[in-house]
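Structural overview for review
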Amino acid sequence: MTPRFAEAVAFASRLHRTQVRKGSPVPYLSHLLGVASLVMESGGGESECIAALLHDGVEDQGGARVALEIRRRFGDRVAHVVEACTERRGEGLSWEDRKRHSLRKVPQLDASARLVLTADKLHNVRSLTADLRRLGPAIWDRFSRGREGTLWYYRAMTRALAAAPPSPLLAELEFAVGVLDEVAAGRSGAALPRA
């Protein structure tokens, strides 16, 4: 990694400095670093790792203005992957329509975008599973569509990614979604006792 990566870490930290993980005090930067780590450990190059750090910047922290800044600072390749991973917002679309639009984009994504998107979903599913084990069913209150909508989306995204040329992380995502389903259903002793 070059100083460009360090600059991306600092930029992501500034963009998301006041943001925390849904329903928790954990800084949002933990998610971005986790996604970048998964991409890096899967053989992703520097541009893919930078895109992983910045993948939520446009969606969560400023829209077109942030997209232009990412392109200026980090180049067209990073900007392309970030755009591919960005969910449409602010167009009067419902949650369901936004998620369906994201699912329809998957077959057109290139390998770099699929890797970052898969890493993002994998980190989210693992975090959700850990929170569900620790906090129990109350965790679903953090999500606008609750248990059923959240599980539907992660299952559907995993199927969409499986139908495209696979990323190196696809098998991990499929396994993680299976574990989440087990924990959510309280089957196979997957749920840990509450403290």
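Every value quoted in this text rests on a predicted model; they were computed, and no experiment measured them.

It is worth spelling out the pattern of salt bridges at this point. Counted under the stated rule, the structure contains 15 salt bridges. For the salt bridge of Glu 46 with Arg 4, the shortest nitrogen-to-oxygen distance reads 3.3 Å. Remark: Arg 4 occurs in helix 1 (residues 3-15) and Glu 46 occurs in helix 3 (residues 46-54); sequence separation between them is 42 residues. Looking at Arg 4, the relative accessible area reads 23%, which means it is partly exposed. Where salt bridges share partners, they join Glu 7, Glu 69, Arg 72 and Arg 73 into one cluster.

Below, the discussion takes up the packing of helix 5 (residues 64-74) against helix 6 (residues 76-85). Relative placement of two packed helices is described by the angle separating their axes and the distance separating the axes. Contact pair helix 5 / helix 6: the axes reach a minimum separation of 7 Å and the direction vectors enclose 150°. Taken together, the axis directions place helix 5 and helix 6 in an arrangement best described as roughly antiparallel. The segment helix 5 lies against helix 6, with Ile 70, Arg 71 and Phe 74 engaging Asp 76, Val 78, Ala 79 and Val 82.

As a further point, take the environment of Ala 36. Mapping Ala 36 onto the fold places it in helix 2 (residues 29-41). Judged by relative accessible area, which is 3%, Ala 36 ranks as buried. Not counting the four nearest positions on each side in its chain, Ala 36 is found in contact with Cys 49, Ala 52 and Leu 53.

Parameters at a glance
Residues numbered from 1 in each chain as written. Predicted model: local features only at pLDDT ≥ 70, side-chain atom pairs only at ≥ 80, totals over all residues. Heavy atoms only, no water. Salt bridge = Lys/Arg side-chain N within 4 Å of Asp/Glu carboxyl O. Helix = DSSP H or I, 4+ residues; strand = E, 2+ residues; numbered from the N terminus. Buried < 20%, exposed > 50% of the residue type's maximum accessible area, 1.4 Å probe, protein only. Axes fitted to C-alpha atoms, helices over the stretch in contact; angles between N-to-C directions. Parallel < 35°, antiparallel > 145°, perpendicular 65-115°, else oblique. Contact = heavy atoms within 4.5 Å.

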